[in-house]
Amino acid sequence: MLTWKEVISFTTKGNPTPDKRVEKTEKEWNALLTPEQFRITRQKGTERPNSGALCSIYDEGKYNCICCNMPLFDSTIKFDSSSGWPSFTQPIKENAIKYHKDVSLGMIRVEVMCNTCDAHLGHIFPDGPAPSGLRYCINSESMVLDKK
């Protein structure tokens, strides 16, 4: 189980190695994604709170990256954080997520990205439920729920 200390360590010492890499040009991503998906995942955008289709869905399945379809989160660790975005306590596996120090809004946050294709997913905070205390705050537009 990942801890906040390990997350911070990834931002300073390097991220875990992904199982594989998917790389495309901006033009290729633009052709594959809706304008909103492209804005969020490739341009580091954010959807409005409580606007995402996956905010209030708690069906069983895996939440995969909208860009490369790699599994990111399992439905069993999704929780209602009342933040306005889908929230999770852990990634599906340690190397599914990439962590980056984000100072874009004049504050220090930790951005989370798909470790396979570098898609922007959202941010992580140390205010989640036990036992990890982590809250992955993820844009609905950056994921697809695979109910298989």
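Residues numbered from 1 in each chain as written. Predicted model: local features only at pLDDT ≥ 70, side-chain atom pairs only at ≥ 80, totals over all residues. Heavy atoms only, no water.

Draft legend 1. View of the environment of Lys44. Of note, Lys44 is situated in the loop between helix 3 (35-41) and strand 1 (62-65). When the C-alpha positions of Lys44 and Leu121 are compared, they lie 8.0 Å apart, and in sequence the two are 77 residues distant. Excluding its chain neighbours within four sequence positions, the residues that come into contact with Lys44 are Arg39, Glu111, Met113 and His120. A polar atom in the side chain of Lys44 sits 2.8 Å from the side chain of Glu111. (Helix = DSSP H or I, 4+ residues; strand = E, 2+ residues; numbered from the N terminus. Contact = heavy atoms within 4.5 Å. Polar contact = N/O pair within 3.5 Å; in protein donor to acceptor, adjacent residues only side chain to side chain.)

Draft legend 2. Geometry of the nonpolar core. In this structure, Phe73, Ile97, Tyr99, Cys117 and Tyr136 are the most contacted members of the largest nonpolar core, which totals 31 residues. At the level of secondary structure, the elements contributing two or more residues to this core comprise helix 1 (4-13), strand 1, strand 2 (71-74), strand 5 (97-102), strand 6 (109-114), strand 7 (120-125), strand 8 (135-138) and strand 9 (143-146). Those residues in contact with Ile97, other than ones at most four positions away along the chain, are Asn15, Pro16, Leu72, Phe73, Pro91, Val112, Met113, Asn115, Leu121 and Tyr136. (Core = buried A, V, L, I, M, F, W, Y, C linked by side-chain atoms within 4.5 Å. Buried < 20%, exposed > 50% of the residue type's maximum accessible area, 1.4 Å probe, protein only.)

Draft legend 3. Broad picture of the side chain of Asp102. Here Asp102 lies in strand 5. Assessed through its relative accessible area of 10%, Asp102 is described here as buried. At 2.7 Å, the side chain of Asp102 and the side chain of Ser104 are in polar contact. With sequence-adjacent residues up to four places away left out, Asp102 is seen in contact with Met107, Ile108, Arg109, Glu111 and His123.

Draft legend 4. Seen up close, the UniProt feature "domain: MsrB" (unreviewed entry) in the protein chain. Here, UniProt's "domain: MsrB" (unreviewed entry) annotation points to residues 26-148. Annotation note: span residues 26-148, helix share 11%, strand share 31%, distance between end C-alpha atoms 30 Å. (UniProt positions renumbered as here; feature names shortened; annotations may be inferred.)

Draft legend 5. Local environment of the pattern of salt bridges. This structure, assessed with the given rule, holds ten salt bridges. Of the charged contacts in the structure, one is a salt bridge between Asp102 and Arg109, with a shortest N-O distance of 3.1 Å. Just as Asp102 is buried, Arg109 falls in that class too. Each member of the salt-bridge network shares a partner with another, and the members are Arg21, Glu23, Lys98 and Asp118. (Salt bridge = Lys/Arg side-chain N within 4 Å of Asp/Glu carboxyl O.)

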